[in-house]
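# Structural characterization, general
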Amino acid sequence: MYRLDHIGLSIIVTFPGLLPTAPAYAQPQVHHGLHYQTPAMVWDEAMPLGNGLLGALLWGDGDPLRISLDRTDLWDLRPVPEFHTEEYSYKTMRRWVKERRLADLHRLYDDPYGNPGPTKIPAGRIEIMIGSDAKFERASLDLAEAMATVVLRPEIRARVFVHATEPIGMIQIDSKHAVNLRLLAPPFAGKITDEAGPGKISPGDLASLRYDAPTESGGDNWKAYLQEGWGGFRFAVAVSWRRSSGAWLGVWSIATSNESQDPLKTARDNCEKALENGFEEAVTSHRRWWNAYWNRSSVRVPNCIVERQWYLEMYKFGSATRPNTPPISLQGPWTADNMKIPPWKGDYHHDLNTQLSYWPAYSSNHLDGASGFVNWLWQTKDTATTWTKRFFGLPGLNVPMTADLNQQQIGGWHQYTHSSTTAAWLAHHFYLQWRYSMDTDFLRERAYPWLREVSVFLEAVTERAADGKRILPLSSSPEINDNRLEAWFPTITNYDLALIRWTFEKTAELAGQVGQAEQAQHWQDVLAEMPDLAIDTSSRKMLVAKDYELAFSHRHLSHLMAIHPLGLIRWENGPRDQAIIKASLADLEQHGTSAWTGYSFSWLANLAARARDGEKAAEALEIFSRAFCLRSSFHCNGDQSGKGYSNFRYRPFTLEGNFAAAAGLQEMLLQSYSGTIRVFPAIPADWKDVSFRTLRAEGAFLISALRKDGSTQSVEITSENGGLCRIENPFKKAKYEIKGIARDALTTHGSDLLIETTSGRKITLTRKPN
């Protein structure tokens, strides 16, 4: 049986009342969840459930009640034949770009993305009919318990959850009415009305995959099907049920040929075991995991829209991540249930989507969720290294920007899918995992080796120009100028340059940490050979590339990577960097948001927080929530408000905007990227009462803080590893007292407090009354 990891258990403390000056919640409140008075009649408005491996979407009006099924390792992994030809090489791509052979570039690199596979695939659907006259009354999703409830008339209640640590979903229906169930396989076989092809968000019908019809089976109290996909891959979906004490109980499970020679038997065994144990036992262990999850951190802010969105995002993060399951793809465990290949094939996009999806993990104190991402990157590293050598003909490590479950290149706009700096942005997550955990084994065995191998590649792929500085022969900035020839810039872009400079700098830093002094010096020397970032000399704004300014509204804020997330340009560095940050944000504002998608507003919130502009950050988060999220809370990319925030009106669901929004609020509450911890660095003036509990800072410090009447009242610091904690004085010139350390363990440096900490000991700083 596939069993997911447990996280450690903690005592749960619930703060009573809803007073605005109370500490942060210990658990999500009822109003943070989803509450429907009308039924969801389309899959992307469904209530999401998941455990990192299995996903489910609950929707429908009761005639029937629908549960869309998914499993995150269900993939069609057929190869892309175009990428196994003699002309598939970096050398040939450079020559074609120089010769302006755009048609050939599109034919070889871009168009194969329209092939039916590789692609993420769905697992089908359960449909339940209860009685003959069931009518929808209401539905809700309780975030604290990760359980959805649907109430139907007359006197019917259905509760549905995906178990937090077991490969099952469970349905309990409190009703004496007859329950009829259908199990529907995805339409992989049959008539094709929309053949897969290039240039479409969804390449086409699932039937374009041309699988044989599934083998269906069943008995008095169970139904199942076994589906064969590409290359002999098989998966089975089973559902079993029984009735007792006036309630109907159903269980479903999904198993694959990768875990079992007989996936149908495995899925059925999972169901029968859960039925034998019963609903209450399953709910008890399920709640235990979620209680521990929510006890990791919490927030409380006076903007109810922003606060609720944070809890919804962290719920989805807990539903989509585990240390030992596939990482978050474009739709995570909630693949589209609309008979189509999912939007953008439900793949792994490494030019923004995967990276933004894990932004909130670190300071929210959910490193175990983030570890699933770096674990997968490490497990697929050999595949990426082989591709790097085969395509680029160079040593070191790069990663395909669009990838399948095995990290194989699957194509798309060639300027980005075959970018030279993809692995550098992924390296940022190895670095963050190290800095937030201070796990020296991870540093030696994963973080430093990954950064070193990426730096080896970047040193090899860059070339010296006449002035002695290194250049990147082919440089782009996602997704400026789309897939036209003009998307290749004549000089290195700020996107590529920021990533390369950051990687060399941090590789040198980590080499020093592991005692490799010669390597540290080497990477410092290579860094010195890189040109400076392109800054407009008059306005001080960041350019896209040298002599190329952003001239229009654009969704991907790639040219500002140096500000966020990389932090090469920092507010803390003083007037020069502050001028660049302010001018760059003003430039964004001047061009407007007409070509933005939802994730652009999420990213803006993070940028504004780094600029200490709490008002702008809060506004961006509120717009994101109101205009770019469906009522399911799913980020749908396009503006659904009708208020003109964006010219994009479509609604393909992807998760990165959701998780980047959660990170934006966390950046407003706590920052530590510069080496100094800052509490409440970007709080709007009208947010008088704010608190958070056990957010995590770099250096492996857990921080809790309370702000009342516009002033910080208390800060608690717990060090996991001991060592020096540097924190900006949260009380400014007010008097304060400190408990938990000897007085000589505290020194000051300017406005910073330097505290020598001991592992596990809590330190409390409290403002003294005036």
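Rules behind the numbers
- Residues numbered from 1 in each chain as written.
- Predicted model: local features only at pLDDT ≥ 70, side-chain atom pairs only at ≥ 80, totals over all residues.
- Heavy atoms only, no water.
- Helix = DSSP H or I, 4+ residues; strand = E, 2+ residues; numbered from the N terminus.
- Rg over C-alpha atoms; globule rule 2.2 N^0.38 Å.
- Buried < 20%, exposed > 50% of the residue type's maximum accessible area, 1.4 Å probe, protein only.
- Contact = heavy atoms within 4.5 Å.
- Areas by Shrake-Rupley, 256 points an atom, 1.4 Å probe, with all protein chains shown as cover.
- Lys, Arg positive; Asp, Glu negative; His and termini not counted.
- Charge placed at Lys NZ, Arg CZ, Asp CG, Glu CD.
- Polar contact = N/O pair within 3.5 Å; in protein donor to acceptor, adjacent residues only side chain to side chain.
- Pairing = 2+ DSSP bridges.
- Axes fitted to C-alpha atoms, helices over the stretch in contact; angles between N-to-C directions.
- Parallel < 35°, antiparallel > 145°, perpendicular 65-115°, else oblique.
- Left-handed = near helix turned anticlockwise from the far one by under 90°.
- Nonpolar A, V, L, I, M, F, W, Y, C, P; charged D, E, K, R; others polar.
- Expected span 1.5 Å × (residues − 1).
- Salt bridge = Lys/Arg side-chain N within 4 Å of Asp/Glu carboxyl O.
- Phe/Tyr/Trp six-rings, centres within 6.5 Å; stacked < 30°, edge-to-face > 60°.
- Lys NZ or Arg CZ within 6 Å of the ring centre and 35° of its normal.
- Disulfide = S-S within 2.5 Å.

With that settled, the discussion passes to the overall build of the protein. Helix and strand content of the protein: 17 helices and 31 strands. At 26 Å, the protein has a C-alpha radius of gyration in line with the 27 Å of a compact globule built from 770 residues. Along the first, second and third principal axes, the C-alpha set of the protein runs to 75 × 75 × 50 Å. Looking at the protein as a whole, 64% of its 770 residues are labelled buried. Across the protein, the fraction of contacts at a sequence separation of at least 24, relative to all contacts at a separation of at least 6, is 67%. Element-wise, carbon and sulfur atoms account for 48% of the exposed surface of the protein, whose accessible area totals about 27,900 Å². Each charge class in the protein was averaged separately, 83 positive and 87 negative side chains, and the resulting centres sit 4 Å apart.

Let us now look at the side chain of His-163. Along the chain, His-163 turns up in the loop between strand S10 (156-162) and strand S11 (169-174). A distance of 3.2 Å separates a polar atom in the side chain of His-163 from the backbone oxygen of Ala-282. Within the local environment of His-163, its side chain forms a polar contact with the side chain of Ser-285, the two groups lying 2.8 Å apart. Once residues within four sequence positions are removed from consideration, His-163 is found in contact with Asn-51, Ile-168, Ala-282, Ser-285 and His-286.

On the basis of which strands lie adjacent, the open sheet formed by six strands has the order S17-S24-S25-S26-S31-S28 and antiparallel pairing. In this open sheet, the two strands that pair with only one neighbour each are strand S17 (298-300) and strand S28 (736-739). Within the sheet, the average angular offset between the axes of one strand and its neighbour, ignoring direction, is 15°. With eight bridges connecting them, strand S25 (residues 701-708) and strand S26 (residues 711-719) associate as antiparallel partners.

Along the chain, Pro-333 turns up in the loop between helix H5 (304-320) and strand S18 (348-349). For the pair Pro-333 and Ala-144, spaced 189 residues apart in sequence, the C-alpha separation works out to 19 Å.

Let's shift gears to the packing of helix H11 (residues 440-461) against helix H13 (residues 517-528). Here H11 crosses H13 at 40°, and the two axes come no closer than 12 Å. The orientation of H11 with respect to H13, classified from their angle, is oblique. Between H11 and H13 lies a crossing whose hand is left-handed. Contacts between H11 and H13 involve Tyr-448, Arg-452, Ser-455, Val-456 and Glu-459 from the former and Gln-519, His-522, Trp-523 and Val-526 from the latter. When its residues are assigned to classes, the contact of H11 with H13 shows four nonpolar, three polar and two charged.

Right, let's get into H5. Taking 1.5 Å of rise per residue, the 17 residues of H5 would be expected to cover 24 Å, and the 24 Å separating its terminal C-alpha atoms lies within 8% of that figure. A large share of H5 lies buried, amounting to 15 of its 17 residues. Put simply, Asn-303 is the residue that caps the front of H5, since its side-chain oxygen is 3.0 Å from the backbone nitrogen of Ile-305.

The next subject is the pattern of salt bridges. Inspection of every chain in the model, using the stated rule, returns 52 salt bridges. Between Glu-127 and Arg-182 there is a salt bridge, with its nearest N and O atoms 2.3 Å apart. Residue Glu-127 is located in strand S7 (residues 124-130), and its partner Arg-182 is located in strand S12 (residues 179-184); the two are separated by 55 residues in the primary sequence. A salt bridge links Asp-194 to Lys-340, with the shortest nitrogen-to-oxygen separation between them at 3.1 Å. Highlighted residues: Asp-194 in the loop between S12 and strand S13 (215-219) and Lys-340 in the loop between H5 and S18, separated in sequence by 146 residues.

For the rest of this paragraph, the subject is the pairing of strand S31 (residues 762-767). Bridge analysis of S26 against S31 gives five bridges, and the strand direction is antiparallel. Following the sheet pairing, Ile-717 is matched in S31 by Ile-763. Relative to S31, S28 runs antiparallel, the two sharing four bridges. Paired with Tyr-736 across the bridge in S31 is Arg-767.

Next up on the list: the environment of Pro-118. Checked against the element boundaries, Pro-118 lands in the loop between helix H2 (102-110) and strand S6 (119-120). Taking the C-alpha atoms as reference, Pro-118 lies 26 Å from Lys-316; in sequence the two are 198 residues apart. Once residues within four sequence positions are removed from consideration, Pro-118 is found in contact with Asp-76, Leu-77, Arg-78, Val-80, Lys-345, Asp-404 and Ile-410.

The next subject is the side chain of Gln-433. Residue position: Gln-433 is located in helix H10 (residues 422-437). Here Gln-433 is in contact with Tyr-362, Leu-367, Ala-370, Ser-371, Val-374, Met-438 and Phe-442, once residues within four sequence places are set aside.

Below, the discussion takes up the packing of aromatic side chains. Within this structure, the stated rule accounts for 48 aromatic pairs. An angle of 70° between the planes, with centres 5.9 Å apart, marks the rings of Phe-161 and Phe-279 as edge-to-face. A residue pair is termed long-range when its members are at least 10 positions apart, and Phe-161 in strand S10 and Phe-279 in helix H4 (residues 279-294) qualify at 118 residues. For Phe-161, a relative accessible area of 1% translates into the label buried. By relative accessible area, which is 5% here, Phe-279 ends up buried. Relative to Phe-692, the ring of Phe-680 has its centre 5.5 Å away and its plane inclined at 70°; by these criteria the two rings are edge-to-face. Separated by twelve residues along the polypeptide, Phe-680 in the loop between strand S23 (678-679) and strand S24 (690-697) and Phe-692 in strand S24 bring together distant segments of the chain. Take Phe-680 and Phe-692: they sit in the same class, and that class is buried. Every member of this aromatic cluster is reached through a ring pair, and the members are Phe-83, Tyr-88, Tyr-90, Tyr-109, Trp-387, Phe-391, Phe-392 and Phe-457. Over the aromatic face of Trp-289 sits the side chain of Arg-322, whose NZ or CZ is 3.8 Å from the ring centroid.

Turning our attention to the sheet that holds strand S15 (residues 234-244). In any sheet, the strands associate via hydrogen bonds between backbone groups, in a parallel or an antiparallel arrangement. With respect to topology, nine strands assemble into an open sheet ordered S1-S8-S9-S10-S11-S16-S15-S14-S13, the strand pairing being antiparallel. Where the open sheet ends on each side, the last strands, each with one partner, are strand S1 (34-36) and S13. Taken over all neighbouring pairs, the strand axes of this sheet differ in orientation by 10° on average, direction set aside. Where strand S9 (residues 147-153) and S10 come together, five bridges link them in antiparallel fashion. Residue pairing across strands places Thr-149 opposite Arg-159, the latter belonging to S10. Across the sheet, helix H3 (residues 263-277) lies against S11, S13, strand S14 (222-228), S15 and strand S16 (247-256), angled at about 25° from S15, the strand it touches most.

Interaxial distance between helix H1 (residues 90-98) and H2 falls to 9 Å at its minimum, and their mutual angle equals 150°. Put simply, H1 runs roughly antiparallel to H2. Judged by residue contacts, Met-93, Trp-96 and Val-97 of H1 engage Asp-104, Leu-105, Arg-107, Leu-108 and Tyr-109 from H2.

Attention shifts here to the state of the cysteines. Enumeration over the complete set of coordinates arrives at zero disulfides. Here Cys-304 is not disulfide-linked; the sulfur of Cys-629 is the nearest cysteine sulfur, at 15 Å.

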